[in-house]
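Understanding the architecture of this molecule
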Amino acid sequence: MYSECSVPSIELVCAPVESVMDLQTQVAQAVQVLNHDLQSCNRVAANQWLVHFQHTDAAWEVATKILALDSIHTHDYEVELFASQVLKRKIQSDAGSLKPEDRSALQNALLMSAKKFSTGPSQLLTQICLALSALVLRAVEWRKPVEQLFASLSELQGQGTGSNAILELLTVLPEEVMEDQLVNCSVDPTRRWQFTRELLSHTGAVLEFLLQHTKNESMENSQLHDKQRKVLRCLLSWVRVGCFLEVPQSSIPTHPLLNFVYNSLQDASTFDLAVEVLTELVSRHETLPQVLLPRMLSVKEALLMPALATGNENIVNGLVSLMAELGQAAPALIAQASTDALALADALLRCVAFPCPDWEIAESTLQFWCTLAEYLLAMGDTHGELQKQRALATFIPVYSALLDALVMRSQVGCGEYVEDDLDGNTGLPDGLAHFRVSLDEPLADICRLLGPAQYFAKLLHGADTWCSFDSIVPWQVVEARLFALNMVSDVVLQGGQLLDLTPVMHLLVYMQSGNCAIDPILMNLIHKSGAQVVGSYSGWICSYPNAILPLLSFLAAGLPIPVAASACATALRKMCEDVSSIATEPTTFEGLIRVGEELYNVHLSLQEEEDVVCAIGCVLSTLTSSAELNKALERLLKPSHQAITALLKTDSEGSLKLHSASYAAALEAGIRALHRLGIYFSQLSSSSVDNFNGEEPMLRILAHFWPLLERLLLSRHTEDGGLALAACKTLSHAIQASGRKFSTLLPNIMTALSSNFIAYQSHVCFIRTAAVAVEEFGHESDHGSLFIETLRVFTASDAMSQMNSSYACDQEPELAEAYMNFTSSFVRCCPREVVAASDELLEASFDKAAICCTAMHRGAAIAAMSYMSCFLGAGLSSLMDPGSDKSKASLATVTAKICYQSGENVISGILYALLGVSAMARVHKATTILQQLAAFCYIGGSDEKLALNWSSLQSWLVAAVQALPPEYLKQGEIETLITTWLSALEAAASDYYKSRGVCNGGRTGAAGYMQGDGGRTLKRVLREFADAHRYTTPGFGTT
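Residues numbered from 1 in each chain as written. Predicted model: local features only at pLDDT ≥ 70, side-chain atom pairs only at ≥ 80, totals over all residues. Heavy atoms only, no water.

1. Description of the overall build of the protein chain
As a reminder of what qualifies: Starting at the N terminus, helices and strands are each numbered in turn, a helix being any DSSP run of H or I of at least four residues and a strand any DSSP run of E of at least two. Think of it in three bands: with a 1.4 Å probe and only protein chains considered, a residue is buried below 20% of the maximum accessible area for its type, exposed above 50%, and partly exposed in between. What makes two residues a contact is simply this: any of their non-hydrogen atoms within 4.5 Å.
When you go through the protein chain residue by residue, the secondary structure sums to 50 helices and zero strands. In the protein chain, which comprises 1039 residues, the proportion classed as buried is 54%. Look at the contacts in the protein chain between residues 6 or more apart in sequence, and 76% of them connect residues 24 or more apart.

Printed below as a string of structure tokens:
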């Protein structure tokens, strides 16, 4: 049939009898080929044919006929299974295409098929019942479809083995409701609710039916067990849909089915289902825990203890989930500390310590322990302090034992730390790493219950032998206890009590002696855990002055260890921040400097390297001797100087083309050198070295490195994005740290940044660094022409010229955001006369901002709106300042001119910005911009020089609203929108005018945005507009 790998065509929609027979044959052949043919092309062709067949109308009749054939003409099981799956899928996706009479006929056919296959195969019966359930759920024309179905089931029940089919159908009916709700969502929620209520109205009959099937004892053991499993599975479905909420709650504890389920725990074949049913019942019915808790003692003795002894993980796992759910559902019941409650706690404690290959069993108990701990800690508020103390006296020994068990289970066992099997980040087996993460809350709760002092004492018990040469140290235990100490640091430090860490200090010093014989991989884990303890309790290190130098050596030794590097780098930074004596102790200070000198030989991530350099910089910033500081910096920065020099000596143009390994290594070294240099600049700000009286370390560093940085910025090396970013960050930190001392270098810097951006316009770091320079030096009029030229270069670049639509902005959001931030800095920091002199550039950038504020990218849009607000605010300040220049070249006049030219674009941009799902985050900025624009028109009407008045704003708003595509607004919304907005804008403009200048005695105080009723009304109007159009997807500008 498929020897040529061809796909049979399907041409029938309403198939005649002869064609239906032919299609049945073809379906059977295609299924056979799909499942058994040895040639893949034939299997692919058969699969395509069958997929095509499923989407035809003929599939309804053909699949039904296949299932209805008598035993003489029956098809292979695989064909019948395929037919049942086809019907189920078509019902779920296309039941609406069936006529009511066809649905009724299909339901009868499925019922007969269920009866036919009631004795199996079970998978086929399940698929038929799923199809029948899906059909009933979607039978919208039937008033009570479940009622009709149950009437049909009554007839089926009296027909031989029909009860098997009924049991399967009753199982999948509730599952269909829940599955459709969670996955398919193809049925209306109201319809699903009605179906569920109608289904639950038959709870009594269903429970009675199930109860009758629990009493059938005439079967063989295998048949009996199979029937019991089916009953339990059906009961589980009905429990999940809420059947026991339909019966009197007082009757549930004595319900015969509950005894049946409980007794099913004793049978291995029904154990797992019995656990699921009981767990569901406990979680849904608050009366059940007090009924089941007394029974848990016998379960513990009869099932759990033997399973723990024999290592039966399946039994232990099932019982621990049931017991943990029971205790979690009723912590108040457990807190009463009855014999049964303590037996349950003891059972779960034993399960925590159960030595299984994974950590699932122990982890499944954790939520119970946390829930109980929270209840015990809160008992003082709910039951009084006396009752709380009584409960704590009973349960503190339990939680003390739990701590031992958790520490034991969190150990890295012998043979488990094979390096190839370890997770790269944690250095632990994956399962153990996950388990340790989940211990955060339980260990914190244990620490609160025991108290930090008792918690520490327990973990450090016997620690005096850890450093003994005569004893064998259990290093796995040591590592796990260090981990447990670190996990509760927040709780301990909040208590404010200084606890004794002497054993830990001795241990870490002892490890540096080299006298401990430990497996290297385990040693690395101990190094990591020890460093985490040092970092977490770094504020206590001052209490151990003799340990400071050994601890620095310990942390430095851990930096080359991949699994411990991050913990050691973080601990080093915290320790240097908290221990002020490091700079004053010569030996310790020398050790720290040597760590910095050797840093270039250690392969750390940039974040780890930053932590180390920040640690050193923190100590350097406390020095008071310029000679000592300069000497230290010379040593620390020598490797960086050498790395940058070596990079500049490479043939960058040729190497960049060849991507040689040697150039890549030099480039990486150069990036890291710049990274370290930038961190030192940021740490050694000018404020920290004001007492050096002309011996400014910043000037020495600049004199030493600026020639290299200048050559680097002018080289082809900056084509690499990573190097360009590192160089710009370093330059930014240098500018911020040096202040006015950098002023003479500014022309060269701005020229280099501008030319580099023109050469590599994807590197937005050049614009960001230029913005930093404007922030630092913009207030100096001498640099005005330099900053205007920089703005001209950025604005005229090809990249910004193409930024003419929201789509273009979203394609390059970082560029748009960086440019808008630069223009904001320019307007905010430069003198008014400098800003006014760049009128043409500002008009171009203002138009760009009106476009970019409509972008989907939040950062770019907010940056554009911030620039618009900043520019309008500067213009308004100039306009309302009595002493400001009001000539044609003034900032107020320039701003008015730009508003006159771009006002319609601004309002259009704001309208588009308020459309779509991200609009609500832009309402505040939009309100500010529109209030400023309205204030300009409101105030400008009284000044003939400004050529702005209220009519200008009206015409802009009308034109912008009418230009919106019709589908963006509701019918008739244009007229009401214009009227509402104009009214709100006028009130907001009046508010601004009253809160500034005239009513404030001529003084320009704080901005009056949204301070009055008018401003708040405008914000409310814009918020309501954005909320009403949140599902509109706009596109603004030229595409």
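Once the structure has been displayed, the description carries forward.
2. Quick notes on the packing of helix α3 (residues 58-68) against helix α5 (residues 100-116)
Note the cut-off: The axes are straight lines fitted to the C-alpha atoms, using for helices just the contacting stretch, and the angles between their N-to-C directions are given from 0 to 180°. Angle categories are assigned with fixed cut-offs, so that under 35 degrees is roughly parallel, over 145 is roughly antiparallel, 65 to 115 is roughly perpendicular, and the rest are oblique. In this scheme, a crossing is called left-handed if the near helix is turned counterclockwise away from the far one by less than a right angle; it is called right-handed if the turn is clockwise. Throughout, the ten residues Ala, Val, Leu, Ile, Met, Phe, Trp, Tyr, Cys and Pro are labelled nonpolar, Asp, Glu, Lys and Arg are labelled charged, and all others, Gly among them, are labelled polar.
It is at 9 Å that the axes of α3 and α5 come closest, and there the two elements cross at 30 degrees. Taken together, the axes of α3 and α5 lie roughly parallel to each other. The crossing of α3 and α5 is left-handed. Contact residues: α3 offers Trp60, Thr64, Leu67 and Ala68, while α5 offers Leu106, Ala109, Ser113 and Lys116. In the contact of α3 with α5, the residues fall into five nonpolar, two polar and one charged.

3. Observations regarding the pattern of salt bridges
Heads up, the rule is: Put simply, a salt bridge is a Lys or Arg side-chain nitrogen that is within 4 Å of an Asp or Glu carboxyl oxygen.
Tallied over the full model, the rule gives 24 salt bridges. Between aspartate 226 and lysine 230 there is a salt bridge, with the nearest N and O atoms lying 3.4 Å from each other. Within this pair, aspartate 226 and its partner lysine 230 are both found in helix α11 (residues 221-241), separated by four residues, close to a single helical turn. For aspartate 226, a relative accessible area of 39% puts it in the partly exposed group. Accessibility expressed as a relative area gives 25% for lysine 230, which makes it partly exposed. The salt bridge partner of glutamate 789 is arginine 792, with a shortest N-O separation of 2.6 Å. Here glutamate 789 pairs with arginine 792, and both are found in helix α39 (residues 784-796), just three residues apart, close to one helical turn. Glutamate 789 sits in the partly exposed class, given a relative accessible area of 37%. Arginine 792 gets classed as partly exposed once you look at its relative accessible area, which sits at 38%. When salt bridges with common partners are traced through the structure, they connect Arg240, Glu276, Glu280 and Arg284 into a single cluster.

4. Details of the nonpolar core
Across soluble globular proteins, nonpolar side chains show a tendency to be buried alongside one another. Inclusion rule: Side-chain atoms within 4.5 Å are what join buried Ala, Val, Leu, Ile, Met, Phe, Trp, Tyr and Cys residues into a set we call a nonpolar core.
Residues Tyr399, Leu443 and Leu620 are the most contacted members of the largest nonpolar core, which totals 368 residues. With 13 residues, helix α45 (residues 858-880) is the single largest residue contributor to this core. If sequence neighbours within four positions are ignored, leucine 443 has contacts with Leu403, Leu406, Tyr455, Phe483, Ala484, Met487 and Val488.

5. Examining the environment of glycine 784
Its place among the elements puts glycine 784 in helix α39. The class of glycine 784 is buried, set by a relative accessible area of 4%. Linking glycine 784 and valine 774, residues 10 residues apart in sequence, is a C-alpha distance of 9.6 Å.

6. So, the packing of aromatic side chains
As a reminder, the rule being used: Geometry of aromatic contacts follows a simple scheme: Phe, Tyr and Trp rings, the Trp one being its six-membered ring, pair when their centres are within 6.5 Å, and the pair is stacked under 30 degrees between planes, edge-to-face over 60, tilted otherwise.
With the rule as written, the count across this model stands at 15 aromatic pairs. Note on tryptophan 369 and tyrosine 399: the rings are 5.5 Å apart at their centroids and 80 degrees apart in plane angle, and the pair reads as edge-to-face. Here tryptophan 369, found in helix α19 (residues 366-382), pairs with tyrosine 399, found in helix α20 (residues 385-409); they are 30 residues apart in sequence, far enough to count as distant. Aromatic pair tyrosine 938 and tryptophan 950: ring centres 6.5 Å apart, planes at 85 degrees, arrangement edge-to-face.

7. With respect to the side chain of serine 869
Here serine 869 lies in helix α45. Not counting the four nearest positions on each side in its chain, serine 869 is found in contact with Thr928, Ile929 and Gln932.

8. Regarding a negative patch on the surface
What counts is decided by this rule: For patches, a residue must show more than 30% relative accessible area and have no salt bridge; joins then use 9 Å for like charges and 5 Å for nonpolar side chains, namely Val, Leu, Ile, Met, Phe, Trp and Tyr. Here the open area of atoms and residues is found with the Shrake-Rupley method and a 1.4 Å probe, where only the protein chains shown may cover a residue. Working convention for charge: Lys and Arg count positive, Asp and Glu count negative, and His plus the chain ends are omitted. Lys charges are placed at NZ, Arg charges at CZ, Asp charges at CG and Glu charges at CD.
A contiguous patch of negative charge on the surface is contributed by Glu374, Asp440, Glu441 and Asp490. Residue aspartate 490 is classed as exposed on the basis of its relative accessible area, which comes to 54%.

9. A short note on the environment of serine 605
Mapped onto the fold, serine 605 is located in the loop between α30 (586-597) and α31 (606-620). As a C-alpha pair, serine 605 and proline 562 span 43 residues in sequence and 9.7 Å in three-dimensional space.

10. Side note on the side chain of serine 754
Stated precisely, the cut-off is as follows: We call two N or O atoms a polar contact when they sit within 3.5 Å, provided that within protein one can donate a hydrogen and the other can accept it, with sequence-adjacent residues counted only if both atoms are side-chain atoms.
Relative to the elements of secondary structure, serine 754 occurs in helix α37 (residues 746-759). Using a relative accessible area of 7% as the deciding quantity, one classes serine 754 as buried. Engagement of the side chain of serine 754 in a polar contact is seen with the backbone oxygen of methionine 750, the distance being 2.9 Å. Not counting chain neighbours up to four residues away, the residues in contact with serine 754 comprise Thr790, Val793 and Phe794.

11. Some details on unusual backbone geometry
Non-glycine residue alanine 337 carries a positive phi angle of around 60 degrees. The residue alanine 337 is located in the loop between α16 (331-335) and α17 (339-352) in this model. Take alanine 337: its relative accessible area is 22%, and that puts it in the partly exposed class.

12. Let's talk about the confidence of the model for the protein chain
Defined as follows: pLDDT is a per-residue confidence score from the predictor, ranging from 0 to 100.
Residue-level pLDDT values for the protein chain average 84, and 86% of them are 70 or greater. For the protein chain, the element scoring lowest by mean pLDDT is helix α33 (residues 652-658), at 55; helix α22 (residues 440-450) scores highest, at 96. Confidence over residues 6-15 falls short of pLDDT 50; this stretch has 22 contacts with residues more than four positions distant or in other chains.

13. What about the packing of helix α38 (residues 765-777) against helix α42 (residues 813-829)?
Relative orientation of the contacting elements α38 and α42 amounts to 10 degrees, with a least axis distance of 9 Å. For the element pair α38 / α42, the angle class is roughly parallel. Crossing of α38 over α42 shows left-handed handedness. Contacts between α38 and α42 involve Ile767, Arg768, Ala770, Ala771, Val774 and Glu775 from the former and Glu814, Leu815, Ala818, Tyr819, Phe822, Ser825, Phe826, Arg828 and Cys829 from the latter.

14. Concerning the environment of threonine 927
Positionally, threonine 927 belongs in helix α47 (residues 923-940). For threonine 927, a relative accessible area of 0% puts it in the buried group. For threonine 927 and isoleucine 910, which are 17 residues apart along the polypeptide, the C-alpha to C-alpha distance reads 9.1 Å.

15. Points about the state of the cysteines
For clarity, the cut-off: In what follows, a disulfide is any cysteine sulfur pair within 2.5 Å.
Tallying each qualifying case throughout the model produces zero disulfides. We note that cysteine 829 lacks a disulfide partner, and the nearest cysteine sulfur, in cysteine 830, lies 6.8 Å from it.

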